[in-house]
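# Structure at a glance
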Amino acid sequence: MTKLKTLPLSLSVLLAFTTSPLVTYAAPTPTTSVDYDGFTYDLTTTYTSYTDNPGLLESQPWWGNASLANALMDLVRFDLGDYFDNFPAEAPVSALTAYGTSGDYVSISYWDIPLETLIDCPTNCPRTIDTYTYITGSRTELVYLTLADVQASLLSTGAGIQSSLSSVSTLVNGAHSRPMSRRVAKGEKTFWVAGDWGNDNHDGRDGTTGLAELGIGYNFGPAQINLSFGKTWADQDLVHGGDLDVDGKYLMIEGILPVSRENGVYATLGAYRHWADADIRRGYLNMGSREVSTASPDSRSWGVRGRLDWENAFTVQATRFSPYVDLWHTRTKLDSYTESGGSFAARFDSRDDDVTEMRLGTNAALPIKNTGFELVANLEYTRRFDGSADGTTGEVIGLFSFDLDGENFDRNWLKGGIGVEGKLAKGKASLMFNGTTEGEFMSSWIAASYQMAF
C-alpha cells in the first residue's frame, strides 16, 4: 500500500473543505470494482452531505474502519472522479471515503492527485453540512473454488464407469448366474426371456439397476451354445442434486460343455460385449447455490467368464446341492468428455477399469410336493481381486487440473437368494429374490425368467 500521510490542519485544507466549487456540471455516474481481503467492492459515488444523508454514509462497509477506508482509497484513487462531482477528475482531490465523524466534521481519506499520495484526515476536514462527492457501494464475499470444494462431484465420472460395471455384473452374475437352468437335452433348442431389477445402495450409493434379455440356444451334444441379447439400465443419485443415467445393450455367447456327464460336471465358457450411453448431471455448489454441468459420454465393455458346476453333487434329505466355482473378468472404458452448462464445467479424460472376480457357491433345490415346482436357493462368496478403480483426471475449465485417486472397492461379500422354479404351461418359470451383504453389486434385486424347450 502507498505510504499514508495524515493531513495537518492548515489554512489550505480548511479552505478546500469549506469552499464550494464555483462551477459544476452534471457528470456521468462513475463505477468501478475492486477486490480486497476476500471481498469484491462494487463502488460508485454520491454527491451529498453527511447532514443530508447520514444513513447512506454510515451504511458503507468501511464506516468505523479507517484502515479499510484507506485501503480501498489506495486501490480506487481518482478512478471515481473528484470531490466536486467531476468525472474524470478535474480538482486536485479525489472522491472521498467517509469512515466516521469528529464533532462537526467528517473523518475521510482521499487521494491527493498532484502529489499522488493517499491522505487520511480523521479531524477538521469536510464539515458535516457541506456537500461533496462520497464513494458509496456494496461488497460481496469472494468464494474461491478449490479442488476440495468439488472433489465429490468430480468423482461423478467414477460413478459413470461403476454404473456401467454394475450393469455388466448384473448381466453375468444376475441373469446368467445359474447357467445350468438353461441346459436342455441333446438335439433340443431353447428360448427364454429374463429380467432383473433391483436397488444399488451399498457404500453410500443410491440407485437402481435393471436388465431385460432374450436368449436362444441349441444343444449340439458336445456342447450347448447359447446366444443372448439384452438391454441394461442403471440410475444413480449423485451429490448436490446430480444424477446419472446409463442405458446399454449387450450381446453374449456361452457354451455349456460336459466335463464328466456321468458325474454331472459341466463347464460354462462365455464372452460378451456391452455398449452404453451415460447421461451425467454433475451437481456442485457455487457460492452456496446449486449448479449443474452435464455431459453424455459413451462407455464400452467386454468380458470373459469361465465356470465349473457340479450338478447334484450331494443330497441332504430331499434337498439337492450343486456347488460351483466362477471366474469373471471385464474391462470397461468411459470416453473422455467435456461438460456444458454451469459456472464450473469440467473436462474429463478417458478412463479404463479392469475387474476380476471369483465366486464360490452352491445352488440348492427342494421339490415342493404335488406342484411341479421346486424351492431353489443360492449361497455365494465373492472375492474381487482389484483393490481400487482407476483415477479420475481432467480439468475444471479455466481454473485447475485434477488427478483424483480411484475409489476403493469392497473386495469380499456374500450373496444369497431364494425363490421357486418349475413347470408353467409349456415352459419353465423361475422367480428369485436376492441380496448381498455389501460390495460392488446390487444390494437387493428380483430375477425372473421363462424358458421353453422344443
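Scope of this entry: the structure provided in the associated data block. This one's a predicted model, so the numbers in the text were calculated from it and none came from an experiment.

### A look at the pattern of salt bridges
Counted according to the given criterion, the structure contains 21 salt bridges. Residue arginine 305 pairs with aspartate 326 through a salt bridge whose shortest N-O separation is 2.9 Å. Of this pair, arginine 305 sits in strand β14 (residues 298-310) while aspartate 326 sits in strand β16 (residues 319-334), and the two are 21 residues apart along the sequence. Aspartate 326 shares its class with arginine 305; the two are buried. In this structure, aspartate 354 and arginine 331 form a salt bridge, with 2.4 Å as the shortest nitrogen-oxygen distance. In this pair, aspartate 354 is assigned in strand β19 (residues 351-368) and arginine 331 in strand β16, connecting sequence segments 23 residues apart.

### Quick look at the packing of aromatic side chains
Counting across every chain of the model gives 11 aromatic pairs. A centroid spacing of 5.4 Å and a plane angle of 5 degrees characterise the contact between tyrosine 83 and tyrosine 132, whose relative ring orientation is stacked. Taken as a pair, tyrosine 83 in the loop between α3 (66-76) and β4 (97-102) and tyrosine 132 in strand β7 (residues 132-141) lie far apart in primary sequence, 49 residues in all. What makes tyrosine 83 buried here is its relative accessible area of 5%. Overall, tyrosine 132 belongs to the buried group, its relative accessible area being 2%. One aromatic cluster is present, built from ring pairs that chain together Tyr83, Phe84 and Tyr132. Looking at arginine 139, its charged tip hangs above the ring of phenylalanine 39, at a distance of 4.2 Å from the centre. Over the face of the ring belonging to tyrosine 324 we find arginine 307, whose NZ or CZ atom lies 3.9 Å from the ring centre.

### What about the state of the cysteines?
Overall, the coordinates contain 1 disulfide when judged by the stated rule. What pairs with cysteine 121 in a disulfide is cysteine 125, and their sulfur atoms sit 1.4 Å apart. Handedness here is read from the sign of the S-S torsion; for cysteine 121 and cysteine 125, about 90 degrees, the answer is right-handed. Residue cysteine 121 is classed as buried on the basis of its relative accessible area of 2%. Using a relative accessible area of 1% as the deciding quantity, one classes cysteine 125 as buried.

### Digging into the sheet that holds strand β17 (residues 337-338)
One open sheet accounts for 4 strands, arranged β17-β18-β21-β22; its pairing is antiparallel. The outermost strands of the open sheet, each flanked by one partner alone, are β17 and β22 (400-404). Summarising the sheet, β17 and strand β18 (residues 346-348) pair through 2 bridges and their orientation is antiparallel. For tyrosine 337, the partnering residue across the bridge sits in β18 and is phenylalanine 348. Running over the sheet, helix α4 (residues 147-154) touches β18, β21 (392-396) and β22 and is turned about 55 degrees from β22.

### Observations concerning the side chain of asparagine 226
Looking at where asparagine 226 falls in the secondary structure, it is placed in strand β10 (residues 224-237). Given the relative accessible area of 3%, asparagine 226 is considered buried. Only 3.0 Å separates the side chain of asparagine 226 from the side chain of glutamine 224, close enough to count as a polar contact. In this structure asparagine 226 touches Arg182, Thr190, Trp192, Ile216, Gly217, Tyr218, Met252, Ile253, Glu254 and Ile256, once residues within four positions along its chain are discounted.

### Concerning the nonpolar core
If you look at the biggest cluster of nonpolar residues, it comprises 20 residues, and the most contacted ones within it are Leu154, Val396 and Phe402. Secondary-structure elements contributing two or more residues to this core are α4, β11 (243-260), β12 (265-286), β18 and β22. With 4 residues, the top contributor of residues to this core is β12. Leucine 154 has contacts with Leu147, Arg282, Ala346, Phe348, Thr392, Val396, Phe402 and Leu404, leaving out every residue within four places of it along the chain. Listed in part, the 16 residues of the second largest apolar core include Phe84, Val93, Ile108 and Tyr134.

### Looking at unusual backbone geometry
For the peptide bond that leads from phenylalanine 87 to proline 88, omega is 0 degrees, which places it in the cis range. With respect to the helices and strands, proline 88 occurs in the loop between α3 and β4. With phi around 70 degrees, aspartate 85 is a residue other than glycine that occupies positive phi space. In this model, asparagine 312 sits at a positive phi of 55 degrees, which is unusual for a non-glycine residue. For asparagine 312, the location among the structural elements is in the loop between β14 and β15 (314-316).

### Quick word on α3
Counting buried positions over the 11 residues of α3 gives 8, a clear majority of the element. Taken residue by residue, α3 has Leu68, Ala69, Asn70, Ala71, Leu72, Met73, Asp74 and Val76 as its buried positions. Once α3 finishes, arginine 77 follows within two positions and takes phi at roughly 55 degrees, a positive value.

### With respect to a nonpolar patch on the surface
Residues Phe191, Val193, Leu214, Ile216, Phe229, Leu251, Trp275, Met452 and Phe454 make up a contiguous nonpolar surface patch of roughly 800 Å² in combined accessible area. With respect to the secondary-structure elements, methionine 452 resides in strand β25 (residues 444-453). Here methionine 452 falls in the partly exposed class, since its relative accessible area comes to 31%.

### Description of the environment of aspartate 196
Looking at where aspartate 196 falls in the secondary structure, it is placed in strand β8 (residues 189-200). Given the relative accessible area of 3%, aspartate 196 is considered buried. Apart from residues no more than four positions distant in its own chain, aspartate 196 is found in contact with Thr170, Gly174, Ala175, Thr209, Gly210, Leu211, Trp445, Ile446 and Ala447. Side chain to side chain, aspartate 196 and tryptophan 445 meet in a polar contact 3.5 Å long.

### As for the pairing of β19
Strand direction decides the pairing type here: β16 and β19, joined by 15 bridges, are antiparallel. By the bridge assignment, histidine 329 is partnered in β19 with threonine 356. Between the antiparallel neighbours β19 and strand β20 (residues 373-384) lie 4 residues, among them asparagine 370 with a positive phi of about 60 degrees.

Conventions used here
Residues numbered from 1 in each chain as written. Predicted model: local features only at pLDDT ≥ 70, side-chain atom pairs only at ≥ 80, totals over all residues. Heavy atoms only, no water. Salt bridge = Lys/Arg side-chain N within 4 Å of Asp/Glu carboxyl O. Helix = DSSP H or I, 4+ residues; strand = E, 2+ residues; numbered from the N terminus. Buried < 20%, exposed > 50% of the residue type's maximum accessible area, 1.4 Å probe, protein only. Phe/Tyr/Trp six-rings, centres within 6.5 Å; stacked < 30°, edge-to-face > 60°. Lys NZ or Arg CZ within 6 Å of the ring centre and 35° of its normal. Disulfide = S-S within 2.5 Å. Pairing = 2+ DSSP bridges. Contact = heavy atoms within 4.5 Å. Axes fitted to C-alpha atoms, helices over the stretch in contact; angles between N-to-C directions. Polar contact = N/O pair within 3.5 Å; in protein donor to acceptor, adjacent residues only side chain to side chain. Core = buried A, V, L, I, M, F, W, Y, C linked by side-chain atoms within 4.5 Å. Patch = residues over 30% accessible without salt bridge, like charges linked within 9 Å, V, L, I, M, F, W, Y side chains within 5 Å. Areas by Shrake-Rupley, 256 points an atom, 1.4 Å probe, with all protein chains shown as cover.

Everything listed is a geometric property; what it means functionally is a separate question.
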